[in-house]
Structure formats: C-alpha cells, structure tokens
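Structural features, examined
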Amino acid sequence: MEQIVQQIEAYKQEIAAFKAKTAEELEQFRIKFLGTKGIVKGIFGEMKNVANDKKKEFGQVLNAFKQLAEAKYEEFQQLKEAGNGAAGNLDLTLPGEPHRLGTRHPISLVRNKAIRIFERLGFTIAEGPEIEDDWHNFTALNLAENHPARDMQDTFYVQNNPDWLLRTHTSSAQVRTMELGKLPIRIICPGRVYRNETISARAHCFFHQIEGLYIAENVSFADLKQTLYYFVQEMFGENFKVRFRPSYFPFTEPSAEMDISCLICGGEGCNVCKHTGWVEILGCGMVHPQVLENCGIDSTKYTGFAFGMGIERLTMLKYQIKDLRLFSENDLRFLKQFQGVL
Ligand SMILES: [Zn+2]
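If you check an unreviewed UniProt entry, the protein chain appears there as Phenylalanine--tRNA ligase alpha subunit from Chitinophaga niabensis. We quote the UniProt Sequence similarities (unreviewed entry) comment for the protein chain here in full: "Belongs to the class-II aminoacyl-tRNA synthetase family. Phe-tRNA synthetase alpha subunit type 1 subfamily." For the record of the protein chain, the UniProt heading Subunit (unreviewed entry) holds the text "Tetramer of two alpha and two beta subunits."

Structure follows, in structure tokens:
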C-alpha cells in the first residue's frame, strides 16, 4: 500500500503542475486520469488488495486524489467554454461552431414573390384584423344571411359575441379600404384566414390568402384578365395554358375561376389535377355594384375587379408539395429543403 500512496503523491504533483494549452491537451489529461481506463479508475481497482483495517484510510486518500484530478479538469474545461484567451488555452485551430442560417418558410417565399409581382403593377398592400365583425366579413360583401358560408360549419365565431368571427377571407380588408373612400383603389391583401374545416392533405382550419382589388373609372374584365395573365406567368413561367371558367361568388358579377394547365403532368392528367389536366388557382370577377354601394362608392361611376387565391395552393403547385399539413408541422427536414431559395 505504501508504494501506491507514493505513486499517488507523484500523480498529484503531476496534476498540480498540469496546464492545458489546447483543448486537445485537456482531453488527453481527461483520458489519462479520468477515462474509463484511466489512472484514477486503475487505482480504485487496487482497493481489493488493501488490508481491511487500512481500507478506510486508503479510501480517503483515493477520494482526495480523484477530486483533485476532477477539479483540475473542471477548471480548464470552464476556461475553455468561456473562451478565455488570457488563460492561454484558446485554440484558434479548432473548427468553429457552424453558424446555422434559418430558411424562409415556403409560404413566405411564395407570398413575397406574389407581393413583388403585384407591386410591379402598382398594387399596394392593405391589411386588416384577423378577428372581424359580420359586416366586414360577410354583409358588406353581399353575402345574404342564409348564405352557406355563414353556416357554423365553415366559420369560427367568437363565443361571447356572435357578431365577431375569425375572418374567412381577406376580403374584409378590401371592405375596410373601400370604406375609406379614397379612389382609385389598387390593393392586395395578403394574410391568414380561418375556416372550420377538417384537417387533411388538402384542407386546414387556417390558411393564407392573397386577394386583390382594383377600382377606378372604366375598369373592365379585360384589365382583370391581363393582370392575372401577367401574375401567373411571373409566378410559374410561361410553359402552360390558362383558362377562365364562369363561376359564382356573391361579391362579384360576372365571376370566374382561373385554371392553369397542370404543371406536374403538363396537361396529360395525373392525381394532382384529378386527371383533368387543369388546376384551379384562383377566383375572380368584377366587383358587384351592390358591394360598391355598401362601401359608399358610386357604382354608376366606378367599376372594379377583385381576385383571391390561396397561397398554400400556389406553393403546392410551385414546389410540387402534396400535403398541406407539412406547412404547419415545423419539421426541419421539410423546411430545410427551401434553403437558399429567395
Ligand atoms: Zn396533372
């Protein structure tokens, strides 16, 4: 036992004199003294060879030794973590911690691209509250009280005031702009909207829209078509066809839906386009005169067009994403795929 105690004394001196200049030296120290095959463990293994009446005394020596080695390691480890160059153990050759850049969410990418396209046409952004009242979300937009969109199935109402609801489209921001009465109006309304839908690959209880409104004298359906042609070409490129289908919306007359030939199958027919070769991307039309009047605009003097589209839909088409739920799951494996996309 005498021999071992002498050996420990020698190690203690070595430890006391030790100064780690680099992280590597510190690691070597750790392996030598505190590693699983290190000196401390080795000497603890000698305990079984010590006579029973000496065990207590030897145990104390061992513990003190172990604590000394640990304290030394801890001291330099802290200096290393603090990056204390003055202590002389800052290793400039160590590879740095990678600085991870985040990525823009694909919804933001497409929303920003759409905004930039419409800005080039002179549209400015108008925003409104996400909690709306019945007038701005429905009544002003010519949605009769018995319109199915008002059904509780589709709309989230605020419990303590049935006049309040989570807006179901960003058209409410259009109403607010029209009510201000400053003409002409040329706005887009990007934003989040809410509907009481069952969450699936194609629908969610919230999604994002971008709507547009242009009101001036002599605005025609031709202006509407030209604006939207320009938009889809800037958004998706030029290798596809566009068609307008007559449709119905209470706030526009005439109304249309705009389809583009399927970007995935090129119009041949696939799952995404339900084998029709066409994908619907937006609804549009000439603003209903009643809506203009509701907002205090003279419908005999002014005309206008409006359109609205889901940003999720555009994004799914643009990046060929098949499940809408991916947008809100915060899965980094999905989000990282948009690294570097601007
Ligand atoms: Zn297709």
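Continuing now.
1. Considering helix α1 (residues 2–17)
Here α1 spans 23 Å end to end across 16 residues, near enough to the 22 Å set by a 1.5 Å rise per residue. Within α1, only 1 of the 16 residues are buried, which leaves it mostly out in the open.

2. Let's talk about the pairing of strand β9 (residues 303–310)
The buried fraction of β9 amounts to 7 of the 8 residues, a majority that puts the element mostly inside the structure. Pairing between strand β5 (residues 206–216) and β9: 8 bridges, direction antiparallel. The residue of β9 that forms the bridge with E211 is G308. Here strand β8 (residues 278–287) pairs with β9 via 4 bridges, running antiparallel. In the sheet register, G283 faces β9, and the bridge partner there is G308.

3. So, the UniProt feature "binding site: Mg(2+)" (unreviewed entry) in the protein chain
As annotated by UniProt and renumbered to match this structure, "binding site: Mg(2+)" (unreviewed entry) occupies E253. Relative to the assigned elements, E253 resides in strand β7 (residues 252–261). Owing to 15 C-beta atoms within 10 Å, E253 belongs among the partly exposed residues under this scheme. When residues no more than four places from it in sequence are discounted, the contact partners of E253 are G285, M286 and H288.

4. Points about the domain arrangement of the protein chain
One can read the domain layout of the protein chain as domain 1 (2–87) and domain 2 (107–338). With centres defined by C-alpha atoms, the gap from domain 1 to domain 2 works out at 70 Å.

5. A look at helix α4 (residues 55–82)
Relative to the 40 Å expected for 28 residues at 1.5 Å per residue, α4 spans 40 Å between its end C-alpha atoms, a close match to the ideal helical length. Among all positions in α4, only F65, A69, K72 and F76 are buried. Looking at the buried residues of α4, the elements they touch are α1, α2 (23–34) and α3 (39–44).

6. Examining the nonpolar core
Grouped together as the largest cluster of nonpolar side chains are 45 residues, with contacts concentrated most on L141, I281, C284, F305 and F307. Looking at which element gives the most residues to this core, the answer is β8, with 5 residues. Other than its neighbours up to four places away in sequence, C284 contacts L224, L228, A256, M258, F305, A306 and F307. Of all hydrophobic cores here, the second largest spans 10 residues; its members include I8, A20, F33 and I43.

The rules we used
- Residues numbered from 1 in each chain as written.
- Predicted model: local features only at pLDDT ≥ 70, side-chain atom pairs only at ≥ 80, totals over all residues.
- UniProt positions renumbered as here; feature names shortened; annotations may be inferred.
- Helix = DSSP H or I, 4+ residues; strand = E, 2+ residues; numbered from the N terminus.
- Expected span 1.5 Å × (residues − 1).
- Buried ≥ 20, exposed ≤ 12 C-beta atoms within 10 Å, placed from the backbone.
- Pairing = 2+ DSSP bridges.
- Contact = placed C-beta atoms within 7 Å.
- Domains from an automatic or database assignment.
- Core = buried A, V, L, I, M, F, W, Y, C linked by C-beta atoms within 7 Å.

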